[in-house]
Amino acid sequence: MFVTDIRKEFYEVVVNQVRNSSFFVLFYQYFVLINCGANVDLLETLQPEEDSVFFICDTHRPVDVVNVYNDTQIKLLIKQDDDLGVPSYDDIFRDDEEDEEAGDDSGNESDGSAEPSGKRRRYDEDALERRIERQRARREWEARRREILFDYEQYEFHGTSAALVMFELAWVMSKDTKDMLWWSVIGVTDQWVHDKIPHMKYVTDIATLQRHVSRHNHRNEDEENSLSIDCMRITFEYDLRLVLYQHWSLYESICNSCYTSCSFKLWSINGQKKLQEFLADMGLPLKQVRQKFNSMDMTIKENLREVIEESANKFSMKDIRVQTFAVHFGFKNRFLASDVVHAAAALLENVEKDETPTDNFIKALDCLSRSNLEWLHLGIALAKKKLKAIQQTVASCICTNLILSQGPFLYCHLLEGTPDVKLFSKPLALTLLCKYLLKAFVCSTRNKRCKILPLIMAAPLDVEKGTVIVLGIPPESETSDKKKWVSNSNSNHFYFQVSLLKMEDRGKFLDALIALLS
Amino acid sequence: MPTENLSDKRMSKFKNKGKEPMKMRDRRIAECVELRKAHKVESIMKKRNISSVGDEPLSPADNTDNKQVISETIQEIVANVNGDCPEKQRQGCQAARKLLSRERNPPLKEIIEAGLLTRFVEFLGRNDDPTLQFEAAWSLTNVASGTSWHTQQVVEHGAVPAFIALLASPMLNISEQAVWALGNIAGDGPSYRDGLIDCGVIPALLARLTPDAPVGYLRNLTWTLSNLCRNKNPFPRFSAVQQMLPSIIQLLHHSDKSILSDACWAVSYLTDGPNERIDVVIKTGILPRLVELLGFEELTVVTPALRSIGNIVSGSDLQTQAAIDAGVLSALPQLMRHPKSSVQKEAAWAVSNIAAGPCQQIQQLITCGLLAPLVDLLRNGDFKTQREAVWAVTNYTSGGTVDQVVHLVKCGALEAILNLLQAKDTKTVLVILDAINNIFLAAEKLGEVDKLCLLVEEVGGLDRIEFLQNHENNAVYRAAQALIEKYFSEDGDDQCLTTEATDSNFVFGASDLQKRFDF
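These numbers were taken from a predicted model, which means no experiment stands behind them. (Residues numbered from 1 in each chain as written. Chains lettered and ligands numbered in written order. Predicted model: local features only at pLDDT ≥ 70, side-chain atom pairs only at ≥ 80, totals over all residues. Heavy atoms only, no water.)

Brief notes about helix α22 (residues 359-367) of chain B
Residues and elements named next belong to chain B.
Now for step 1: Residues of α22 that are buried: Gln-361, Ile-362, Leu-365 and Ile-366. For α22, the arc enclosing every buried residue in end-on projection is 155°, short of the 170-degree limit, so these residues lie on one face. Away from its buried face by more than 90 degrees, α22 exposes Gln-360 and Thr-367.
Now for step 2: Buried residues along α22 sit in contact with α19 (317-325), α20 (328-336), α21 (341-355), α23 (371-380), α24 (383-399) and α25 (402-410).
Now for step 3: Where α22 ends, the next residue or the one after it, Gly-369, has phi of about 75°, a positive value. (Buried < 20%, exposed > 50% of the residue type's maximum accessible area, 1.4 Å probe, protein only. Helix = DSSP H or I, 4+ residues; strand = E, 2+ residues; numbered from the N terminus. Arc of directions from axis to C-beta. Contact = heavy atoms within 4.5 Å.)

Following this line, the structure appears as C-alpha cells:
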C-alpha cells in the first residue's frame, strides 16, 4: 500500500556506508547521525561491525529502548533534563540464561517441523509443573513488556532541538561561537514554527538560549565596543507574531499570519471589516500600512510593537507578542529567528526549479551563513509566496467546506489542479498548511468537538505516478505537554506522521485509520 | 534397461548434489546471527551494570550448594543403595531418580562415577519389588538419555536384556519405562539399534501392542519403534523392517496425533534410502494413507508425512508414479502454499524430484496445477525454498518436452529464476544457468532463439548473466560466458537464422511462442 518506505531506503544508504566501512576500517569507525536514528534499533537495522560507534543527536522521540540500553556502540547525545520516560531495564530485558532455556523449551514444543530427538529424558512431575509455572510467569512478563513498550512507543514527539544540544556540547568544551548560538536559536525556533514542540517547551528553551545570548553579548562588551560592519549581534526580543513583517508590508504580514488571520477570520467579509477596524484603532494610515516596512515612517515604527499590542488586546488577541531573538548583521540587516526559519524551509522545499533535494539542502544550508545574505533574501521571497499560497488555500478550503469530519478525525483532501498544489507535496509546507487550516477551521466552525479532533490532510505528491502524501497533526487544543501523534508502524519519512501512498489506496488507508482511532 | 539407467544417472546428478555444503552454509549463517545477537545482549548487560543498583548473582545459596549438596546426596544414595535394607534401597533409588529428573544439569556423570549403575541394573530384575524396579528403570532411562558415552555405560552394565525382560512386566508403568529406556538406547545409533534387534526387542515390543493399551503407553511404544527404524550406515536389516512394518502401518491409522507423528517419522526413516527400501514400504499399500495425512492440520504430522512422500518420489520412476497414483499431486499445491516455510521447502523438494521424472510425469505436474504455486515459491519463498524450486525448474527443463518447457516459461518461471541469479549461493546460480541453458536448447529446437533472447533481455536477465562473468567462481563464470557467447553475441545471429530456416516446419510451436512474447 505504501509507495516507498523512505525510512527503509534511507537506512539502506546508511547500511551501505557502514558496510563499505568494513573495507576502510581505519577511516570509518565512528558515525554521527543528526536528527535520525534515535527511534530505530540501529544495531538490528544496520548490523554494523562490532567496533563501529554511533553518536546520535536526534530530536525524534521515543528513543528506541535498545539504543538507550546499549552504550558500547550507541552514544545518545540527549540533554539530561529531557524527560525520556524510558521503561526500566528489568521490565523490558531479561537475563540471557533464562531466555535461552525458555527459548529452547518453546522451540521444541511449538515448532513441530523438526525431527524428534533420538533420546528423551523423563522429567519429574514437579519439574514439569515448575516448568509450566515458569513459562506462565514468562508469558505474563512478556505481556507486561508488550504493554509497557506499547505505552512507551505509542506516541511520537520531539525532544530538545539537535542544534541546541550541539551548541551546549560546544559550550561545555568552550568551543562555542556566536554563529553557533544563532543556529541553535534557529533550530529551536524551527521546532516552534513547525509545531514540533509545545509552547511551554519553546519558552523553556528560549530561556536557556537567553542566558547564552547575554553571556555572549557581555563578553563582547569587553572588547572596546567596536562594531565592525560585519559584526553580528543577537538580541532577545519580545516581538510581534507577524510573519516576515520586517521584510514585507505590515498589512500583508497581518493578512498572511496564522495568528491574526484566524483571529479576524480574514476569509470572511466580516473578517475583512474587522481588519479595517483594527487598523483604524491603531490609527495607522492605510498608505503607511501597505508600504514596504523598510520605507515606513520612522515615527510610526518607533513604538509600533506597543501600539499593535494595545489594539490587539482590544480585539482579544492577547498573545500577539512572543519571546524570540533577532540578529543584526552590521547596521542594515536585521532578521528575526522566524524569518530565517521560513526562508530556510522555503529553500529546502523549493519546487520552482527542478533541483535535486541535495541542491536544495545545500542552498538552505548556505542561507544560514551570514556571508550569503542574497540566499537568505531569496528564501524570504520564496517564503512569502508560500505563506500567501497557504493563506489562499486555507480560505478556499474553509469557504468550500473541504474539511470533512470522519468520526475520530477531520479530513481534508487537496484536489489535483488546486493552485499551488505542487508546493504542498512537501512535508514542511504541508505541515504549515495543516496547522493554519486546523486553526482556521476551529475558529470558523460552531462545532466544539472539532477542537479535540486531529486533522489528516492528503495532497497529490506526483500526479503522473498517482501518489499522494498524507499527513496528520494533533488536535488544536491538545493540552498535553507532548505534541503527540499516534504513530502507526507503517508511517515513514523523518516526519513520521507523514506517509506516502498510492492514490487508489487512500480509501483503504482512511478506513484503517478510522478503525485504529475510534 | 538403458533408459532407466540414464534417468537414474541424471537423478543422482540432480538430487543429492550440492546439498551438504548448502546446509553447512546455512548453519554458519545461523551461528553468525546467534553470535551477533549474543554480543548485543552482552552490550546491553554492560550498560546495565553501570546503572544498576547492585547486580549480585541471583541467589548465592543456589550456586554454591549445587556441587557440594549433590556430592553429599550421592554419597547418601550410594550408602542406601548398597545396603541390604529394601526400604533404604527404595529411598536411595528414588533420590537418584529425582536428581536425574531435575531440569537443569542432572548429575549423570556423577551418578555413573559413583558406581551406581551396577546396582540399578540389578534392581531391574527384582520382580518382588515393583517400586524399586520402576525407580531403577526411570534412573537408567535418564542416564541413557545423555550423550553416547552415557548410553554406553548403561548398555555395558547389561541393562539391555534386563529391560527387554521388563517389557513383559504386568505393571504397565514399569513396562512403559522399559519401552522408554530401550528407545533411548536404540536412538543412540545404528550399532546399539542392531544390538537391541539381535536381543529380540522387536517381538517383545510388538507383544505389548494391543488395542486396549493406553494412549500414553502407545506413544512411547511408537517412538521406540521409530527409533528402531532410524539411522543409516547401515540401515536396519530387512527382516527387522518386515517385522515392524505391519504394526507401524497399523499405528498410522491411530487417532492420536503424537502417535501418528512418530509413526510417520518411522516411515520417513524407512523410505530414506535406496529404492529397494522404498519398495518395501510401498508394497504395504500405505501410500493413500500417507497422502491423506498430508492434508492434516498438525504440523507434527504433516512434516514427517511430507518427508516420507518426498523420499518416495525421489525413488525410481515407477515408485514416483505410485505416489502420483495415490494422489500426491492434488495434495502438494496446498502444502506449497503452507504458512510454514519449512513445509514449503519440503513440498518444493518433492516437486523437484517429480519434475526429474519422464515427461509423462511432468505433464501431470502441469495438469494438476503445480506450476503456478511453484513460480510463486520462486518469487516469494524463503531462500531454501527457492533453491528447491530452482532445482524443480532445472529438472523440468532438462526432462520436459519442448512444449512443456514453453509452458513453464509462459507461467513466469524464466523471469523468476533470472531474478534469482543475484543469489549469493554459487551452487544455486549454477543450477539456474543450467535451467536457462535448457530453455535455450528448447528455443533452438523451435527456432525461436531470437525471441527468447529478447525476453531474457527485457526482464533484465541479460544484465545479470553478463554480470556473472565477473563471478569469483570459475564454473559460474564459464557457464555465464558460454551462454553469452552462444546466444547473445553478434555472430550468433547467423546461427539463429539457419536454425530458423531448417526448423520452419515447427509452425504450431512457433505460434505458441509468439503468443507468449505478447507480454
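Some remarks on the state of the cysteines
Now for step 1: Tallied over the entire structure, the rule returns 0 disulfides over all chains.
Now for step 2: The cysteine Cys-262 of chain A is free of any disulfide, with Cys-258 of chain A supplying the nearest cysteine sulfur at 4.1 Å. (Disulfide = S-S within 2.5 Å.)

Remarks on the pairing of strand β11 (residues 455-462) of chain A
All names here are of chain A.
Now for step 1: With 6 of 8 residues buried, β11 lies mostly within the body of the structure.
Now for step 2: Examined bridge by bridge, strand β10 (residues 410-413) and β11 share 4 bridges and lie parallel to one another. Across the sheet, the residue bridging to Tyr-411 is Ile-456, located in β11.
Now for step 3: Viewed along the sheet, the connection from β10 through helix α19 (residues 427-444) into β11 turns out right-handed.
Now for step 4: Here β11 runs beside strand β12 (residues 467-473); their pairing, made up of 7 bridges, is antiparallel. Residue Met-457 lies in a different strand from β12, and its bridge partner there is Leu-471.
Now for step 5: Hairpin connection from β11 to β12: 4 residues lie between these consecutive antiparallel strands, with Gly-466 at a positive phi of about 70°. (Pairing = 2+ DSSP bridges. Right-handed = clockwise from strand over helix to strand, strands pointing away.)

Some words on the UniProt feature "repeat: ARM" (unreviewed entry) in chain B
Now for step 1: Per the UniProt record, "repeat: ARM" (unreviewed entry) is annotated on residues 158-186 of chain B.
Now for step 2: With 79% helix and 0% strand, residues 158-186 of chain B has end C-alpha atoms that lie 15 Å from one another. (UniProt positions renumbered as here; feature names shortened; annotations may be inferred.)

A look at the sheet that holds strand β4 (residues 74-76) of chain A
Residues and elements named next belong to chain A.
Now for step 1: Across the sheet, which stays open at both edges, the 3 strands sit in the order β1-β2-β4 with parallel pairing between neighbours. The two strands at the open ends of the sheet, each matched to only one other strand, are β1 (30-34) and β4. Put simply, the sheet's adjacent strands are angled 20° from each other on average, direction ignored.
Now for step 2: Judged from the 3 bridges that link them, strand β2 (residues 53-57) and β4 form a sheet pairing that is parallel. (Axes fitted to C-alpha atoms, helices over the stretch in contact; angles between N-to-C directions.)

Quick notes on the nonpolar core
Now for step 1: Among the nonpolar cores identified, the biggest contains 157 residues, and Phe-120, Phe-163, Leu-228, Leu-332, Ile-417, Ile-436 and Phe-440 of chain B are the most heavily contacted of them.
Now for step 2: If sequence neighbours within four positions are ignored, Phe-120 of chain B has contacts with Val-81, Cys-93, Ala-96, Ile-111, Ala-136, Ser-139 and Leu-140 of chain B.
Now for step 3: Ranked by size, the runner-up nonpolar core spans 74 residues in total, among them Trp-192, Phe-329, Ala-383 and Ile-398 of chain A. (Core = buried A, V, L, I, M, F, W, Y, C linked by side-chain atoms within 4.5 Å.)

Observations regarding the sheet that holds strand β6 (residues 232-240) of chain A
Residue and element names in this part refer to chain A.
Now for step 1: Across the sheet, which stays open at both edges, the 3 strands sit in the order β6-β7-β8 with antiparallel pairing between neighbours. Strands with a single pairing partner mark the edges of an open sheet, and in this sheet they are β6 and β8 (333-336). Going across the sheet, the axis of each strand differs from the next one's by a mean of 30°, ignoring polarity.
Now for step 2: Where strand β7 (residues 321-329) meets β8, 4 bridges bridge the pair, whose relative direction is antiparallel. Bridge pairing in β8 links Val-327 to Phe-335.
Now for step 3: Contacts from helix α16 (residues 337-348) reach β7 and β8 within the one sheet, and its direction differs from that of β8 by about 80°.
Now for step 4: Helix-sheet contacts for helix α18 (residues 373-399) involve β7 and β8, and the interaxial angle to β8 is about 50°.

A few points about the packing of aromatic side chains
Now for step 1: Taken as a whole and judged by the stated rule, the model has 16 aromatic pairs over all chains.
Now for step 2: On the numbers, 5.3 Å between centres and 80° between planes, the contact of Tyr-69 of chain A with Tyr-89 of chain A is edge-to-face. Here Tyr-69 of chain A is found in helix α3 (residues 65-69), whereas its partner Tyr-89 of chain A is found in helix α4 (residues 89-92), with 20 residues between them in sequence.
Now for step 3: An angle of 75° between the planes, with centres 5.5 Å apart, marks the rings of Phe-236 of chain A and Phe-325 of chain A as edge-to-face. You can see Phe-236 of chain A sitting in strand β6 and its partner Phe-325 of chain A sitting in strand β7, a full 89 residues away along the chain.
Now for step 4: The exposure class assigned to Phe-236 of chain A is partly exposed, which follows from its relative accessible area of 31%.
Now for step 5: Members of the aromatic cluster, each reached through a chain of ring pairs, are Tyr-69, Tyr-89 and Phe-93 of chain A.
Now for step 6: Of note, Arg-122 of chain A hangs over the ring of Trp-138 of chain B, and the distance from its end group to the ring centre comes to 4.3 Å. (Phe/Tyr/Trp six-rings, centres within 6.5 Å; stacked < 30°, edge-to-face > 60°. Lys NZ or Arg CZ within 6 Å of the ring centre and 35° of its normal.)

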